[in-house]
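Read off the chains here:
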Amino acid sequence: MDCGSVVDPDRPVTQCTECGGLLDVELSIPEPLSQEDFAANGPDALMGSGVWRYRKLLPKLPIESIVSRAEGHTPIYWDERLAHYAGLQRLGLKHEGQNPTGSFKDRGMTVGVSHAKSVGATVVACASTGNTSASLASYAAAAGMSSLVLIPEGKISGGKLAQTVAHGARIVQVEGDFDVALALLRRLTREYPVYLVNSVNPFRIEGQKTIVFEMMEQLQWQPPDLIALPGGNLGNTAAFGKALSDLVRAGLLTSVPRLVTVQAAGAAPFADYFENGFDSYQPITAETVASAIKIGDPASIQRARRAIQYTNGLVTRVSDVEIMDAKAQIDRCGIGCEPASAATLAGVRKLVIDGAIQADAKVVGVLTGHLLKDTEAVVRYHLRDDDADQRPHANKPVTIRADLEALKRTLADALHG
Ligand code: F0G
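Rules of the game
- Residues numbered from 1 in each chain as written.
- Predicted model: local features only at pLDDT ≥ 70, side-chain atom pairs only at ≥ 80, totals over all residues.
- Heavy atoms only, no water.
- Near = heavy atom within 4 Å.
- Polar contact = N/O pair within 3.5 Å; in protein donor to acceptor, adjacent residues only side chain to side chain.
- Helix = DSSP H or I, 4+ residues; strand = E, 2+ residues; numbered from the N terminus.
- Nonpolar A, V, L, I, M, F, W, Y, C, P; charged D, E, K, R; others polar.
- Buried < 20%, exposed > 50% of the residue type's maximum accessible area, 1.4 Å probe, protein only.
- Contact = heavy atoms within 4.5 Å.
- Phe/Tyr/Trp six-rings, centres within 6.5 Å; stacked < 30°, edge-to-face > 60°.

Peer 1: What is the right way to read the site of the ligand from this model?
Peer 2: What surrounds the ligand is a group of 20 residues, the closest being Ser 128, Gly 232, Asn 233, Leu 234 and Thr 368. The separation between an oxygen atom of the ligand and a polar main-chain atom of Gly 232 is 2.7 Å. In the environment of the ligand, an oxygen atom lies 2.7 Å from a nitrogen or oxygen atom belonging to the backbone of Asn 233. When residues of the shell around the ligand are traced back to their parent elements, those giving at least two are α3 (131–143) and α8 (235–249). A per-class count over the shell around the ligand returns 7 nonpolar, 11 polar and 2 charged.

Here is the structure:
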């Protein structure tokens, strides 16, 4: 739910204390900006961050409170095999998994935790499907703050849990799913002096805008026709819409790319909402192999709706089999990503097949998390024996005796098979 009010940047409060709704950041944009305003070698150390170098389009925070891990600066891969898989002539994939903690969350986290520091917060908290918690734990540790993390019990990947544990967050496993954990934490933070860092926090959204800023710079300010991304809690969809409207306000873009949000079929309340013309929204109980986006009641649903409407965008859904097939393609090209990220490619492919995206459209998709974020998913896909027809790209290791002839036979199979 949106509150409609503006956040007070001098208070450690990131959602409305009266209605519990989402607040906005007031941003004064010095129009017009020029492309040189983001030049790489700026006057101070913060230009080394792929977030803070865009600070003319970010909230103003005191420089001494900025907590940065040189996040951002992620590449766009243009792999012809993946373009072909999607049915496109050109497809870029911007890999946000190449951030310090392995996901796009670091971009919002540097702004959220810096704001927390600037207002004197000592405990920062989030509910998470794993990536936000890993990022929060890292940035809080860097800042010398305590972090509290609520996770759905047994439902986040081992890698993400490991990062969160190792960086010293206090972890509370909640019986229930992400939606239950977030609702609980939002209630707590309305009554208790704990700084909430989920993407309901408008400072997080501000940092995530820089994915789009950096993408436009990498494309020499020639926007693609479409930008595709996975959707879970929908903070990122909201952030992308805001980024595009900021760039228009700043005079840096004259036309906006269409946003394409892709959900997992078992976690697609936003796709349902889109399909009924944004007429009625129904939360659901989510289920998908892509645990990062296993979310049935997205907190930023109305902000995301505005982003899709503003860009004349699309929302679609893809099955778990489609997600894992697309992931196998991305992994096999040497790029790699976690399952939720592969929804991007699966969704674009589906929209091309359906005729909603033309083959000559220029599309940039966002890969949100690193392959190593979910090694269980890789092992399940490649090493299982059952359902082999659903996993056509499985690459199962062979085991041999420590014997040269056996090794040669295996090699012959590998070279000719
Ligand atoms: N991709 C990955 C890898 C994610 O971790 C998430 C969200 C998303 C996509 C969806 O982004 O929520 O802005 O629509 N992860 C959150 C978390 C929920 O707790 O780590 P969204």
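Peer 1: Would you mind showing me how to read unusual backbone geometry here?
Peer 2: Across residues other than glycine, the phi torsion is negative in most instances, and most of the peptide bonds are trans. Phi is positive for Gln 220, which is not a glycine, with a value near 50 degrees. With respect to the secondary-structure elements, Gln 220 resides in the loop between α7 (210–218) and β9 (226–230). Here the phi dihedral of Phe 278 falls at roughly 55 degrees; this positive angle occurs in a residue that is not glycine. Summarising the element assignment, Phe 278 is placed in the loop between α9 (269–275) and α10 (301–310).

Peer 1: In this structure, what is going on with the environment of Arg 90? I would like to understand it.
Peer 2: With respect to the secondary-structure elements, Arg 90 resides in strand β4 (residues 90–95). What makes Arg 90 partly exposed here is its relative accessible area of 39%. Sequence separation between Arg 90 and Leu 372 is 282 residues; the distance between their C-alpha atoms is 27 Å. Residue contacts for Arg 90: discarding those within four places in its chain leaves Trp 78, Ala 83, Asp 360, Ala 361, Lys 362 and Val 363. A distance of 3.5 Å separates a polar side-chain atom of Arg 90 from the backbone oxygen of Asp 360.

Peer 1: For this particular structure, what's the right way to read the packing of aromatic side chains?
Peer 2: The geometry of two aromatic rings is summed up by the distance between their centres and the angle between their planes. The final tally for this structure, using the stated rule, is 5 aromatic pairs. Plain terms: the ring middles of Tyr 273 and Phe 278 are 5.0 Å apart, the flat faces sit at 80 degrees to each other, and that makes the pair edge-to-face. In this structure, Tyr 273 and Phe 278 share a single accessibility class: buried. Judged by centre distance (5.8 Å) and plane angle (75 degrees), the rings of Phe 274 and Phe 278 are edge-to-face. We classify Phe 274 as partly exposed; its relative accessible area is 23%. A relative accessible area of 15% places Phe 278 in the buried class. Among the aromatic side chains, those forming a connected cluster through ring pairs are Phe 270, Tyr 273, Phe 274, Phe 278 and Tyr 281.

Peer 1: Please clarify how the environment of Leu 196 should be interpreted in this entry.
Peer 2: Mapped onto the fold, Leu 196 is located in strand β8 (residues 195–196). Between the C-alpha atoms of Leu 196 and Ala 116, which are 80 residues apart in sequence, the distance is 8.9 Å. Contact partners of Leu 196, with chain neighbours within four places excluded, come to Thr 14, Gln 15, Ala 125, Leu 185, Arg 186, Thr 189 and Asn 201.

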